[in-house]
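Per-entry structural report
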Amino acid sequence: MSESDLIVRRIKNGTVIDHIESGKGLKVLSALGIDGSDGNVITIALNVPSSKVAKKDIIKVENKFLQDKDTNKLALIAPKATVNIIQDYKLVEKRRVALPNQIERIFRCSNPDCITNSDEDIQPIMDVVDKTGLVLRCRYCTRTLDVNELKYY
(Lines give C-alpha, C1' and ligand atoms only; values in the text may rest on other atoms or scores of the structure.)
Protein backbone atom coordinates (compact mmCIF):
# COMPACT_ATOMS: atom_id res chain seq x y z
CA MET A 1 0.00 0.00 0.00
CA SER A 2 1.46 3.40 -0.91
CA GLU A 3 1.80 6.36 1.43
CA SER A 4 -1.06 8.18 -0.31
CA ASP A 5 -3.61 5.41 0.39
CA LEU A 6 -6.17 6.16 3.07
CA ILE A 7 -6.27 3.56 5.80
CA VAL A 8 -9.40 3.52 7.94
CA ARG A 9 -10.15 0.31 9.75
CA ARG A 10 -13.35 -1.58 9.06
CA ILE A 11 -15.94 -1.74 11.80
CA LYS A 12 -17.47 -4.98 13.00
CA ASN A 13 -20.81 -3.50 14.12
CA GLY A 14 -22.13 0.02 13.82
CA THR A 15 -22.98 2.77 11.39
CA VAL A 16 -21.05 4.33 8.52
CA ILE A 17 -22.31 7.68 7.24
CA ASP A 18 -20.83 8.21 3.78
CA HIS A 19 -21.07 10.81 1.02
CA ILE A 20 -21.30 13.75 3.44
CA GLU A 21 -20.54 17.03 1.70
CA SER A 22 -16.98 18.04 2.48
CA GLY A 23 -16.73 20.13 5.64
CA LYS A 24 -20.06 19.02 7.12
CA GLY A 25 -18.95 15.93 9.03
CA LEU A 26 -18.65 17.69 12.37
CA LYS A 27 -22.09 19.29 11.95
CA VAL A 28 -23.54 15.82 11.30
CA LEU A 29 -22.04 14.55 14.55
CA SER A 30 -23.46 17.53 16.42
CA ALA A 31 -26.94 17.12 14.93
CA LEU A 32 -26.98 13.46 15.89
CA GLY A 33 -25.68 14.17 19.40
CA ILE A 34 -22.67 11.93 18.87
CA ASP A 35 -19.80 13.18 21.01
CA GLY A 36 -17.95 10.05 22.08
CA SER A 37 -19.20 10.21 25.67
CA ASP A 38 -20.77 6.75 25.36
CA GLY A 39 -17.34 5.19 24.85
CA ASN A 40 -17.89 3.98 21.28
CA VAL A 41 -15.04 4.41 18.81
CA ILE A 42 -15.78 7.19 16.30
CA THR A 43 -13.75 7.59 13.14
CA ILE A 44 -14.09 10.88 11.28
CA ALA A 45 -12.49 11.37 7.88
CA LEU A 46 -12.72 14.92 6.53
CA ASN A 47 -11.98 16.06 2.98
CA VAL A 48 -11.47 12.54 1.64
CA PRO A 49 -10.91 12.31 -2.12
CA SER A 50 -13.96 10.92 -3.91
CA SER A 51 -14.58 9.62 -7.40
CA LYS A 52 -18.09 11.19 -7.55
CA VAL A 53 -17.30 14.61 -6.06
CA ALA A 54 -13.99 16.29 -5.39
CA LYS A 55 -14.03 15.63 -1.63
CA LYS A 56 -16.35 14.16 0.97
CA ASP A 57 -16.52 13.42 4.70
CA ILE A 58 -17.10 9.98 6.23
CA ILE A 59 -18.11 9.05 9.78
CA LYS A 60 -17.92 5.59 11.34
CA VAL A 61 -19.49 4.94 14.73
CA GLU A 62 -18.87 1.54 16.25
CA ASN A 63 -21.65 -0.23 18.17
CA LYS A 64 -24.24 2.47 17.38
CA PHE A 65 -27.08 1.85 14.96
CA LEU A 66 -28.89 4.93 13.69
CA GLN A 67 -32.66 4.72 13.53
CA ASP A 68 -34.67 6.15 10.61
CA LYS A 69 -35.56 9.28 12.64
CA ASP A 70 -31.85 9.93 13.19
CA THR A 71 -31.06 9.33 9.54
CA ASN A 72 -33.66 11.87 8.46
CA LYS A 73 -32.15 14.57 10.69
CA LEU A 74 -29.31 14.64 8.19
CA ALA A 75 -31.47 15.71 5.25
CA LEU A 76 -30.79 19.44 5.58
CA ILE A 77 -27.14 19.09 6.57
CA ALA A 78 -26.08 16.29 4.24
CA PRO A 79 -28.85 15.61 1.69
CA LYS A 80 -26.70 13.25 -0.40
CA ALA A 81 -25.45 11.17 2.53
CA THR A 82 -25.96 7.46 2.81
CA VAL A 83 -26.25 5.60 6.10
CA ASN A 84 -24.83 2.10 6.09
CA ILE A 85 -25.62 -0.32 8.92
CA ILE A 86 -22.84 -2.85 9.47
CA GLN A 87 -23.16 -6.15 11.37
CA ASP A 88 -20.34 -8.66 11.64
CA TYR A 89 -18.31 -6.64 9.10
CA LYS A 90 -21.10 -6.88 6.49
CA LEU A 91 -23.42 -4.26 5.08
CA VAL A 92 -26.93 -5.27 6.18
CA GLU A 93 -28.83 -2.08 5.37
CA LYS A 94 -28.23 1.02 3.25
CA ARG A 95 -30.40 4.12 3.61
CA ARG A 96 -30.60 7.43 1.83
CA VAL A 97 -31.62 10.42 3.88
CA ALA A 98 -35.12 11.87 3.45
CA LEU A 99 -36.49 15.11 4.82
CA PRO A 100 -38.94 14.51 7.70
CA ASN A 101 -42.14 16.53 8.29
CA GLN A 102 -40.64 18.21 11.34
CA ILE A 103 -37.17 18.79 12.71
CA GLU A 104 -36.70 18.94 16.46
CA ARG A 105 -33.79 20.31 18.49
CA ILE A 106 -31.32 20.73 15.65
CA PHE A 107 -31.74 24.35 14.55
CA ARG A 108 -32.50 27.59 16.37
CA CYS A 109 -35.24 29.92 15.22
CA SER A 110 -33.78 33.08 13.68
CA ASN A 111 -36.42 35.24 15.40
CA PRO A 112 -34.74 36.72 18.50
CA ASP A 113 -38.19 37.23 20.09
CA CYS A 114 -39.22 33.57 19.62
CA ILE A 115 -39.92 31.76 22.88
CA THR A 116 -37.36 29.11 21.93
CA ASN A 117 -34.67 31.81 22.24
CA SER A 118 -35.80 32.90 25.72
CA ASP A 119 -34.79 31.62 29.14
CA GLU A 120 -37.69 29.14 28.94
CA ASP A 121 -36.62 25.55 28.39
CA ILE A 122 -38.51 25.08 25.11
CA GLN A 123 -36.89 23.02 22.38
CA PRO A 124 -37.16 24.44 18.85
CA ILE A 125 -39.35 22.56 16.39
CA MET A 126 -39.29 23.42 12.70
CA ASP A 127 -42.11 22.24 10.46
CA VAL A 128 -41.10 21.41 6.90
CA VAL A 129 -43.48 23.39 4.71
CA ASP A 130 -41.91 22.61 1.34
CA LYS A 131 -39.57 19.64 0.98
CA THR A 132 -38.52 20.51 -2.56
CA GLY A 133 -37.80 24.18 -1.89
CA LEU A 134 -36.47 23.46 1.62
CA VAL A 135 -38.84 25.85 3.39
CA LEU A 136 -39.10 25.55 7.16
CA ARG A 137 -41.38 27.32 9.62
CA CYS A 138 -40.90 27.69 13.36
CA ARG A 139 -43.76 25.96 15.13
CA TYR A 140 -43.88 28.60 17.88
CA CYS A 141 -43.55 31.98 16.17
CA THR A 142 -44.39 30.83 12.60
CA ARG A 143 -41.34 32.57 11.11
CA THR A 144 -40.35 31.16 7.72
CA LEU A 145 -36.71 30.15 7.84
CA ASP A 146 -34.06 30.22 5.15
CA VAL A 147 -32.28 26.88 5.23
CA ASN A 148 -28.93 28.48 4.33
CA GLU A 149 -29.05 30.76 7.38
CA LEU A 150 -30.04 28.22 10.03
CA LYS A 151 -28.02 28.17 13.23
CA TYR A 152 -27.46 24.90 15.04
CA TYR A 153 -29.08 24.46 18.43
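Given the structure is predicted, the values throughout are model-derived calculations rather than measurements.

Now for the side chain of Asn-40. Here Asn-40 lies in the loop between helix H1 (25-32) and strand E2 (42-49). For Asn-40, a relative accessible area of 19% puts it in the buried group. Of the polar contacts made by the side chain of Asn-40, one reaches the backbone oxygen of Glu-62; its length is 3.4 Å. For Asn-40, the contacting residues outside a window of four places in its chain are Glu-62, Asn-63 and Lys-64.

As a further point, take the sheet that holds strand E6 (residues 102-104). If you walk across this open sheet you meet the 4 strands as E6-E8-E9-E10, and the pairing is antiparallel. Because the sheet does not close on itself, it has two edges, and the strands there are E6 and strand E10 (144-146). Taking each pair of neighbouring strands and ignoring which way they run, the sheet shows an average axis angle of 35°. Where strand E8 (residues 125-130) meets strand E9 (residues 135-138), 4 bridges bridge the pair, whose relative direction is antiparallel. Paired with Val-128 across the two strands is Leu-136, which belongs to E9.

What follows is about the sheet that holds strand E3 (residues 55-62). Taking strand neighbours across the sheet as the criterion, the 5 strands line up as E2-E3-E1-E4-E5 in an open arrangement whose pairing is antiparallel. Bordering the open sheet on either side are E2 and strand E5 (90-96), each of which pairs with just one other strand. The mean angle between the axes of side-by-side strands here comes to 15°, regardless of whether they run parallel or antiparallel. Both strand E4 (residues 82-87) and E5 contribute to a ladder of 6 bridges, which runs antiparallel. Of the residues in E5, the one forming a bridge with Val-83 is Arg-95. Along the sheet face, H1 touches strand E1 (14-21), E2 and E3 and points at about 135° away from the line of E1.

Time to look at the pairing of E2. The pairing of E2 with E3 spans 6 bridges and is classified as antiparallel. Considered in E3, the bridge of Ala-45 is made with Ile-58. Between E2 and E3, which pair antiparallel in sequence order, lie 5 residues.

Now for the environment of Gly-36. Tracing the backbone shows Gly-36 in the loop between H1 and E2. C-alpha of Gly-36 to C-alpha of Pro-112: the two residues are 76 residues apart in sequence and 32 Å apart in space.

Turning our eyes to something else, we now look at the nonpolar core. With 32 residues, the main nonpolar core has Ile-17, Val-28, Leu-76, Ile-103 and Leu-136 as its most contacted residues. Those elements giving two or more residues to this core turn out to be E1, H1, E3, E4, E8 and E9. Looking at this core element by element, the count peaks at 4 residues for H1. Residues in contact with Leu-76, not counting those within four places in the same chain, are Leu-99, Ile-103, Phe-107, Leu-134, Leu-136, Val-147 and Leu-150. Counting 6 residues, the second-largest nonpolar core is a separate cluster that includes Val-16, Ala-45, Val-48 and Ile-86.

Structurally, Ile-122 can be placed in the loop between strand E7 (107-108) and E8. The sequence separation of Ile-122 and Arg-105 amounts to 17 residues, and the corresponding C-alpha distance is 9.4 Å. Here Ile-122 is in contact with Ile-115, Thr-116 and Tyr-140, once residues within four sequence places are set aside.

Rules of the game
Residues numbered from 1 in each chain as written. Predicted model: local features only at pLDDT ≥ 70, side-chain atom pairs only at ≥ 80, totals over all residues. Heavy atoms only, no water. Helix = DSSP H or I, 4+ residues; strand = E, 2+ residues; numbered from the N terminus. Buried < 20%, exposed > 50% of the residue type's maximum accessible area, 1.4 Å probe, protein only. Polar contact = N/O pair within 3.5 Å; in protein donor to acceptor, adjacent residues only side chain to side chain. Contact = heavy atoms within 4.5 Å. Pairing = 2+ DSSP bridges. Axes fitted to C-alpha atoms, helices over the stretch in contact; angles between N-to-C directions. Core = buried A, V, L, I, M, F, W, Y, C linked by side-chain atoms within 4.5 Å.

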